[in-house]
Amino acid sequence: MENKKIKWSSLVKSEDWWAVWLGFFVMLLGVAGVVAKVPSVGGWTVIAKAVSPGLLVSYGLVGLGILAISLPVVKGRGDSLRKYVGAFPVVFLLAVVALFIAKYDLIGKQWGLEYALWALLLGLVISNTIGTPSWLKPAVRPELYIKLGLVLLGASILFQKIMEVGPFALLQTILVISAVFFFCYFLAQRFGLSKSLATVMSSAVSICGVSAAIAAGGACKAHPKEISYTTSLVLLIAVPMLVVMPIVAKLLGFPANIAGAWIGGVIDTTPAVAAAGSVLGGDALKMAVIVKMTQNLFIGVAALLIAFYFALKVETSPAGQKPGFMEIWFRFPKFILGFILASLLFSFVLTPTIGLEATNGIIKNVTEPLRGWLFALAFVSIGLETRVWDIVTMGKGKP
């Protein structure tokens, strides 16, 4: 297999690298105090208060901020800035609508139906009725929004929090991820799915849904349709799970920490985990989030192992020539590198320097709210790219 040379131009043309640069730029703004707080949509019961002029202006500023930081990506990739700027407000507006729906007290607090579902549904309705207009497609960039959001997610993976549950929780997480991944991969192979689709699906259901699917897809060079298919399936299946699992936990009399660990380990998307955990109270929610964050920790490890496996075993040359280090590096998703570095920075540099409370403040006020906006944009984009009929018929229904 011919080893690839480093293409330095990828540093300004690749979405992966741009996610790293922009993610750390946002973190720097937060640490320096330039951006003290990113507005987010709060819970509401009266529509007049939820859409007050002041709040709408603040949401508009968030949109302008995301537009501004994403422009270099569009320019670096050689795409039309004019078309992107013209389409972005519509995609952002759909994300705002999804967040508003999810934050309505009846829907968000009582029913536990989070923004990921509504964002996906809004996109699906458009793409499966009138069809996604061609002029809107320049702003439909699910991978960019997810990758940038994942780099920011790394800031939330504080080792100090994860170690609160002790080494046995880490061991449990490793066992669960391994068991679910290999069983799903074996089953997918038995059904005749491609190795790349089997890998993306197995990563999604064993680690953390959409984020893991995109990371694994990058590592095994999966077709974009395989990634889009898996992410759509994960989001759709998470809905009944977040409703049913708290009910089952109550019927079986699970203690709060056990119920939270079960929910965090099984449901595949972080927003759905938080929604399901909150139904069972604060203790269950805390454990569910910690378990899910612990799983998120292994995104980078999984991506590296998948890159190794596909380079060494799946796509070897006919002559049996082994790939060198550069082939592994070429496959490894660079935004995962940003995710890992962000976690290390916030855990072992910022926390000892400015304290855990101040570090948590940056996370809660800057990186987490912005990540929510980016993921809402991503889920809307996934919906706009997905045809329900394609989900039903892909692989004759075997996936």
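Before going into details, it helps to say that this report is about the structure given with it. Quick caveat: nothing in here was measured; it's all calculated off a predicted structure.

1. What about the overall build of the protein chain?
Okay, step 1: What the protein chain contains, in helices and strands, is 21 helices and zero strands.
Okay, step 2: Computed over C-alpha atoms, the radius of gyration of the protein chain comes to 21 Å, within 12% of the 21 Å expected from 2.2 N^0.38 for 399 residues, which places it in the range of a compact globule.
Okay, step 3: Expressed along its principal axes, the backbone C-alpha trace of the protein chain runs to roughly 70 × 55 × 50 Å.
Okay, step 4: Sorting the 399 residues of the protein chain into buried and exposed places 51% on the buried side.
Okay, step 5: Excluding contacts between residues fewer than 6 apart, the proportion of contacts in the protein chain whose partners are at least 24 apart in sequence is 78%.
Okay, step 6: For the protein chain, the exposed area adds up to about 18100 Å²; of that, 70% sits on carbon and sulfur atoms.
Okay, step 7: Here the protein chain contributes 32 positive and 17 negative side-chain charges, whose respective centroids are spaced 5 Å apart.

2. As for the packing of aromatic side chains
The description of an aromatic ring pair uses the distance of the two centres, along with the angle that the planes make with each other.
Okay, step 1: Summed over all chains, the structure comprises 14 aromatic pairs.
Okay, step 2: Plain terms: the ring middles of Y59 and F100 are 5.8 Å apart, the flat faces sit at 80° to each other, and that makes the pair edge-to-face. One end of the pair, Y59, is in helix α4 (residues 53–76); the other, F100, is in helix α5 (residues 81–103), and 41 residues separate them in sequence.
Okay, step 3: Look at F254 and W262: their rings are 5.6 Å apart centre to centre, the planes differ by 80°, and that puts the pair in the edge-to-face class.

3. Focus: the nonpolar core
Okay, step 1: Counting residues in each nonpolar core, the largest one holds 110 residues, and the members touching the most others are I66, F88, I267, W373 and F379.
Okay, step 2: At 14 residues, helix α20 (residues 356–385) tops the list of elements feeding residues into this core.
Okay, step 3: Formed by 10 residues, the second largest nonpolar core is a distinct cluster that contains F181, A188, A198 and Y229.

4. Remarks on the pattern of salt bridges
Okay, step 1: By the definition in use, this model includes six salt bridges.
Okay, step 2: One salt bridge in this structure joins R77 and D79, with 4.0 Å as the shortest N-O distance.
Okay, step 3: As a salt-bridge pair, K147 and E143 come within 3.3 Å of each other at their nearest N and O atoms. Placement of the pair is K147 and E143 together in helix α8 (residues 142–156), with a separation of four residues, close to one helical turn.
Okay, step 4: Overall, K147 belongs to the buried group, its relative accessible area being 7%.
Okay, step 5: With a relative accessible area of 25%, E143 lands in the partly exposed category.
Okay, step 6: In the salt-bridge network here, residues are joined through shared partners; they are E15, D16, R77, D79, R141, E143 and K147.

Analysis parameters
Every chain begins its residue count from 1, and numbering advances along the sequence as written. Only residues with pLDDT of at least 70 get local features here, since the model is predicted, and only at 80 or more are side-chain atom pairs given and counted; chain-wide, interface and lining totals rely on the full set of residues. Computation of side-chain values: all heavy atoms of the structure, hydrogens and water removed. Secondary structure is summarised from DSSP: a helix means a run of H or I of at least four residues, a strand means a run of E of at least two, and numbering begins at the N terminus for each. Based on C-alpha atoms, the radius of gyration is set beside the globule rule, defined as 2.2 Å times the residue count to the power 0.38. Each residue is placed in one exposure class: buried if its accessible area under a 1.4 Å probe, protein chains only, is under 20% of its type's maximum, exposed if it is over 50%, and partly exposed if it falls in between. Whether two residues touch is decided by their heavy atoms; if any such pair falls within 4.5 Å, the residues are in contact. Here the open area of atoms and residues is found with the Shrake-Rupley method and a 1.4 Å probe, where only the protein chains shown may cover a residue. The charged-residue count follows a simple rule in which Lys and Arg add positive charge and Asp and Glu add negative charge, with His and chain termini not counted at all. In plain terms, the charge of a residue is placed at NZ if it is Lys, CZ if Arg, CG if Asp and CD if Glu. The pairing test for Phe, Tyr and Trp rings, Trp by its six-membered ring, is centres within 6.5 Å, and the orientation test on the planes gives stacked under 30 degrees, edge-to-face over 60, and tilted for anything in between. For the purposes of this section, nonpolar cores are sets of buried Ala, Val, Leu, Ile, Met, Phe, Trp, Tyr and Cys residues that join through side-chain atoms within 4.5 Å. We define a salt bridge as a contact between a side-chain nitrogen of Lys or Arg and a carboxyl oxygen of Asp or Glu at a distance within 4 Å.

By themselves these figures say nothing about function.
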